[in-house]
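# Tertiary structure, described
The lines below spell out each chain.
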Protein chains: 2
Amino acid sequence: MELATIRTPNGSTAAAVRRGDEWMGLAAADLSELLARPDWSWEAVTALAAPVGSGIPVDEAELGLPLPTPGKVVCCGLNYADHILEMGRDLPEYPTLFAKFADTLTGPTDDVAVPTQAQAAVDWEAELAVVVGSELRRADEEEARAAIAGYMLANDISMRDWQKRTLQWFQGKAFDGTTPIGPVLVTADSIDPDDGIEITCEVNGVRRQHGSTKTLVFSPARLLAYISQFTALRAGDVVLTGTPGGVGTGMQPPQYLSDGDAVVVRAEGLGQLVNTIRFN
Amino acid sequence: MELATIRTPNGSTAAAVRRGDEWMGLAAADLSELLARPDWSWEAVTALAAPVGSGIPVDEAELGLPLPTPGKVVCCGLNYADHILEMGRDLPEYPTLFAKFADTLTGPTDDVAVPTQAQAAVDWEAELAVVVGSELRRADEEEARAAIAGYMLANDISMRDWQKRTLQWFQGKAFDGTTPIGPVLVTADSIDPDDGIEITCEVNGVRRQHGSTKTLVFSPARLLAYISQFTALRAGDVVLTGTPGGVGTGMQPPQYLSDGDAVVVRAEGLGQLVNTIRFN
């Protein structure tokens, strides 16, 4: 099943579920609101959907930021073996984690506005994002797997100069509106990262990254279980699972994004994020 | 002026303003709710207060977590010259920043529960916390100073083993309910950290930390201005300004907190946080 947050002609948004070639509206403004309902379930979602034939054709719908108000966004760095080696590091015993804010996120086709003071070293990071479907506290891996609502793509666009100003990456990873996620939430019954999802990143049509989620050091379920040892995860929270090799900062010489560059993150079964960099 | 979130006998909470020896209730459940109102102002707060004589005597009131739902909690590490030297580092050009979640916070007299897997290296960090009073985006220092609602204390209790597992400190700083803040919000017209606020930390009655906010490398206004270059700050957001020298991990040999230890963070004009460590 695929869920999305659709932009409506009047400027508002609506949660929707895909039925064939149509998006059927759900009685919630977006997927954050839908997942926050204490009574939500996939069965309830299906029952809520507008009748087939009354939806918006898939090729006419504009998809917005699927989860505008997650309570927590936790990101894992250094999780693909090849990217870890490219950054000159050893394979880790523990996941390297940092946080983003809901404000950091943006929609799957939105422009990514980069302010003047952060335009020197703008880099791409294609990632698999995991969406939490039910509360997790000190969970084991099996419980964590059962609590995954589904998956989407993310582009953890990073201001490498700000990231490297201090020991903590956070400030280079938390510019408002610079992490596209989406385009849709594909439920966990339809796709399994443990089987290997091929994720790619293209910049102006040139492939820069390519990795399989099969090579993740910490699987989605293992990451969620680990995070839940120190903080509760709840429905609608988002966990970014790290990026494969091929980022600009790892190139010789390093290569970064410029005004007008088009970045496309893509995976079979998850669709694509298509975002243009705008220096302003 | 002093504001607080008071625990009421029926188990709920209420925002309150101090008038002499009484807390006068305000029409908001807590200070997060109060500061989130688009129409809030100090004048409005004063007008909202219940009439003098109908309040709760200060020595009978139980103060709860003042800001239970901040949108953002940003923390600065390495901001007191003496602590930076104690950790073996140079004075920084840029503030070292990381994020916490609202869930990380707890009240000024609450027990701090530490789960089994994080009891090996529990450390104290007395800090000045700044509370944002109005929205800031790419602000300069003067605008940032004008947007400060006020100040309170914080104890950034840190699980040093988790903090040092990877390059990113976040996971050792984000255990739910381990950062006491409060006890009250002292408004910016009553106290000025640039003049020097002496902050201390005592563990079981023994003084471990002592520092003056006069020695902050990055002042509260400078920190807020810096953060606002990458993310919007809004009323009710909290910025922790770093800790002075004297933390347990800097002692020879390192010394950490045990079950039952009482940690007191205190400053003239800001009151005190009194929290007991509970291993569970």
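Residues numbered from 1 in each chain as written. Chains lettered and ligands numbered in written order. Predicted model: local features only at pLDDT ≥ 70, side-chain atom pairs only at ≥ 80, totals over all residues. Heavy atoms only, no water.

What follows covers the UniProt feature "domain: Fumarylacetoacetase-like C-terminal" (unreviewed entry) in chain A. Within this structure's numbering, the places UniProt gives as "domain: Fumarylacetoacetase-like C-terminal" (unreviewed entry) are residues 72–277 of chain A. With 14% helix and 35% strand, the stretch residues 72–277 of chain A has end C-alpha atoms that lie 25 Å from each other. (UniProt positions renumbered as here; feature names shortened; annotations may be inferred. Helix = DSSP H or I, 4+ residues; strand = E, 2+ residues; numbered from the N terminus.)

Another point: the domain arrangement of chain A. A common way to express how large an interface is: the accessible area buried when the components associate. Residue and element names in this part refer to chain A. When its domains are assigned, chain A resolves into domain 1 (2–63) and domain 2 (73–279). Taking the mean C-alpha position of each, domain 1 and domain 2 sit 25 Å from one another. Every contact between the two is made by 10 residues of domain 1 and, on the other side, 14 residues of domain 2. For the pair domain 1 and domain 2, the summed buried area comes to about 950 Å², and 63% of that belongs to carbon and sulfur atoms. Counting the surface domain 1 buries against domain 2, the share from its top three residues, E2, L35 and L63, is 46%. Where domain 1 touches domain 2, the interface holds 1 salt bridge. Here D110 and R7 are joined by a salt bridge, their closest N and O atoms 3.0 Å apart. One can count 2 residue pairs in polar contact (both at pLDDT 80 or more) joining domain 1 with domain 2. When contributions to the side of domain 1 that touches domain 2 are tallied by element, the ones reaching two or more residues are strand 1 (2–7) and helix 1 (31–36). At 4 residues, the largest contribution of residues to the side of domain 1 that touches domain 2 is made by strand 1. (Domains from an automatic or database assignment. Contact = heavy atoms within 4.5 Å. Buried area = accessible area lost by both parts, 1.4 Å probe. Salt bridge = Lys/Arg side-chain N within 4 Å of Asp/Glu carboxyl O. Polar contact = N/O pair within 3.5 Å; in protein donor to acceptor, adjacent residues only side chain to side chain.)

For the rest of this paragraph, the subject is the sheet that holds strand 9 (residues 112–114) of chain B. Residues and elements named next belong to chain B. Spatial strand order, 9-19-18-15-16: 5 strands in an open sheet with mixed pairing. Both outer strands of the open sheet, strand 9 and strand 16 (206–212), are each paired with one neighbouring strand and no more. The average undirected angle you get between the axes of adjacent strands in this sheet is 20°. Looking at chain direction, strand 18 (residues 262–267) and strand 19 (residues 271–279) are connected through 6 bridges and run antiparallel. Residue V265 lies in a different strand from strand 19, and its bridge partner there is L273. (Pairing = 2+ DSSP bridges. Axes fitted to C-alpha atoms, helices over the stretch in contact; angles between N-to-C directions.)

In the superposition of chain B on chain A (RMSD 0.0 Å, axial shift 0.0 Å), the rotation amounts to 180°. Both copies are brought into coincidence by an operation consistent with a two-fold rotation axis. Here 100% of the interface residues in chain B have copies in chain A that are interface residues too; the copies meet face to matching face. (Least-squares fit on C-alpha atoms with pLDDT ≥ 70 in both.)

As a further point, take the side chain of N155 of chain A. All names here are of chain A. Along the chain, N155 turns up in strand 12 (residues 148–155). Looking at N155, the relative accessible area reads 0%, which means it is buried. A polar contact is formed between the side chain of N155 and the backbone nitrogen of E125, at a distance of 3.0 Å. Setting aside residues up to four positions removed in sequence, N155 forms contacts with W124, E125, A126, T178, T179, P180, V263, V265 and L273. (Buried < 20%, exposed > 50% of the residue type's maximum accessible area, 1.4 Å probe, protein only.)

What follows deals with the packing of aromatic side chains. Summed over the entire model, instances satisfying the criterion amount to 16 aromatic pairs over all chains. Each ring, one from F175 of chain A and one from F230 of chain B, has its centre 5.7 Å from the other, and the planes form 45°; the classification is tilted. Remark: F230 of chain B occurs in the loop between helix 7 (220–227) and strand 17 (238–240) and F175 of chain A occurs in the loop between helix 6 (170–173) and strand 14 (179–187); the pair is interchain, linking two chains. Taken together, a centroid distance of 6.4 Å and an interplanar angle of 40° make the contact between Y94 of chain B and Y226 of chain B tilted. Here Y94 of chain B is found in the loop between helix 3 (81–86) and strand 7 (96–100), whereas its partner Y226 of chain B is found in helix 7, with 132 residues between them in sequence. Looking at Y226 of chain B, the relative accessible area reads 13%, which means it is buried. Aromatic ring contacts, followed pair by pair, group Y94, Y226 and F230 of chain A together with F101, W162, F170 and F175 of chain B into a single cluster. A cation sits over an aromatic face here: R165 of chain A above W162 of chain A, 3.9 Å from the ring centre. It is R165 of chain A that lies over the ring of Y94 of chain B; its NZ or CZ is 4.0 Å from the centre. (Phe/Tyr/Trp six-rings, centres within 6.5 Å; stacked < 30°, edge-to-face > 60°. Lys NZ or Arg CZ within 6 Å of the ring centre and 35° of its normal.)

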